[in-house]
Amino acid sequence: GQSLEQPSEVTAVEGAIVQINCTYQTSGFYGLSWYQQHDGGAPTFLSYNGLDGLEETGRFSSFLSRSDSYGYLLLQELQMKDSASYFCAVFMNRDDKIIFGKGTRLHILP
Amino acid sequence: NAGVTQTPKFQVLKTGQSMTLQCAQDMNHEYMSWYRQDPGMGLRLIHYSVGAGITDQGEVPNGYNVSRSTTEDFPLRLLSAAPSQTSVYFCASSYSGQGQGEQYFGPGTRLTVT
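The structure displayed is predicted, hence computed values, not measured ones. Each chain carries its own residue numbering, running from 1 in the written order of its sequence. Throughout, the order in which chains and ligands are written sets their labels, letters from A for the former and numbers from 1 for the latter. Thresholds applied to this predicted model are a pLDDT of at least 70 for local features of residues and 80 or more for the giving and counting of side-chain atom pairs; totals over whole chains, interfaces and linings are not thresholded and use all residues. Processing note: side-chain calculations cover all non-hydrogen atoms of the structure and skip hydrogens and water entirely.

Engineer: I tried to follow the overall build of chain B on my own but got confused; where do I start?
Structural biologist: Going along the chain from the N terminus, every DSSP run of H or I of four or more residues is numbered as a helix, and every run of E of two or more is numbered as a strand. When helices and strands are counted, chain B shows zero helices and 11 strands. Reading the helices (α) and strands (β) of chain B from amino to carboxyl end gives β-β-β-β-β-β-β-β-β-β-β. As a reference, a globule follows 2.2 Å times the number of residues to the power 0.38, and the radius of gyration itself is taken over C-alpha atoms. In terms of C-alpha radius of gyration, chain B reaches 13 Å, essentially the compact-globule figure of 13 Å for 114 residues. Seen through its C-alpha atoms, chain B measures out along the principal axes to roughly 40 × 30 × 25 Å. Residue contacts are counted whenever heavy atoms from the two residues lie within 4.5 Å of one another. Within chain B, counting contacts between residues at least 6 apart in sequence, those at least 24 apart form 53% of the total. A 1.4 Å probe and the Shrake-Rupley method give the accessible areas. Residues count as covered only by the protein chains that appear here. Counting only carbon and sulfur atoms, one obtains 50% of the accessible surface of chain B, whose full area is about 5,000 Å². The charged-residue count follows a simple rule in which Lys and Arg add positive charge and Asp and Glu add negative charge, with His and chain termini not counted at all. To locate a charge, take NZ of a lysine, CZ of an arginine, CG of an aspartate or CD of a glutamate. Positive and negative side-chain charges in chain B, numbering 7 and 8 respectively, have mean positions lying 13 Å apart.

In structure tokens, the structure reads:
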């Protein structure tokens with residue numbers, strides 16, 4: 001079966017840096033995406049890694065290692081508005097499915 | 001552009017009733033999908049479509065049907081509602097499944113089955 005593992009909760013301090021990890025086991029892999037979801041809202045796209053390495057978009061960066069079936073999302077200069085749930089998602093090229101992890105709830109302390 | 005729209009926003013059904021959740025996008029996206037979200041379970045794929053006339057099952061397809069007669073619309077039908085289908089349903093679209101990474105989500109439909 002397919003599985004994406006990410007921590008259920010992470011807590012960090014405002015202004016700090018936090019890393020959210022995602023490991024995956026899927027039948028076929030094309031790329032790894034990250035989404036943010038605030039309470040009551042819809043998921044919104046943050047970043048995508050199709051190749052190994054680091055992708056940077058402002059305060060957010062995402063990393064992928066295909067050989068380790070592992071990726072992470074790095075959030076820098078944390079702000080209170082970053083309190084949300086973060087999901088990793090895998091596009092599986094074998095059957096064109098996009099499946100999501102269960103999400104990581106990020107708590108930010110002032 | 002309206003993006004991805006979903007109707008209704010809220011719905012209460014009785015067990016055994018049927019209904020259709022509507023989803024439409026105006027971005028000419030080929031790839032569309034339906035997810036359900038339950039507390040602690042993340043987003044689970046119900047059905048998806050890589051283009052008009054093509055649909056396939058996701059992780060949790062039982063009790064749901066879809067069709068894709070046009071590029072724009074991807075309705076989800078609940079055949080005989082059950083309390084286990086109480087959830088938040090999200091429709092999403094992207095230019096294509098392959099390598100684009102970015103899916104656009106609708107605002108969701110909050111469904112309660114009593």
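So, next bit.
Engineer: For this particular structure, what's the right way to read the sheet that holds strand S3 (residues 19–25) of chain B?
Structural biologist: Working definition: the strands of a sheet are paired by backbone hydrogen bonds and lie parallel or antiparallel to each other. Residues and elements named next belong to chain B. The antiparallel open sheet is built from four strands, whose spatial order is S1-S3-S8-S7. Here the strands that pair on one side only, and so sit at the sheet edges, are strand S1 (4–7) and strand S7 (64–66). Adjacent strand axes in the sheet meet at a mean angle of 20° when their direction is disregarded. Pairing of S1 with S3 involves four bridges; the strand directions are antiparallel. Bridge pairing links Gln 6 to Cys 23 in S3. Pairing between two strands is assigned when DSSP locates at least 2 bridges connecting them. Under this scheme, a helix contributes an axis fitted over its contacting stretch, all axes are lines through C-alpha atoms, and angles between N-to-C directions fall in the 0 to 180 degree range.

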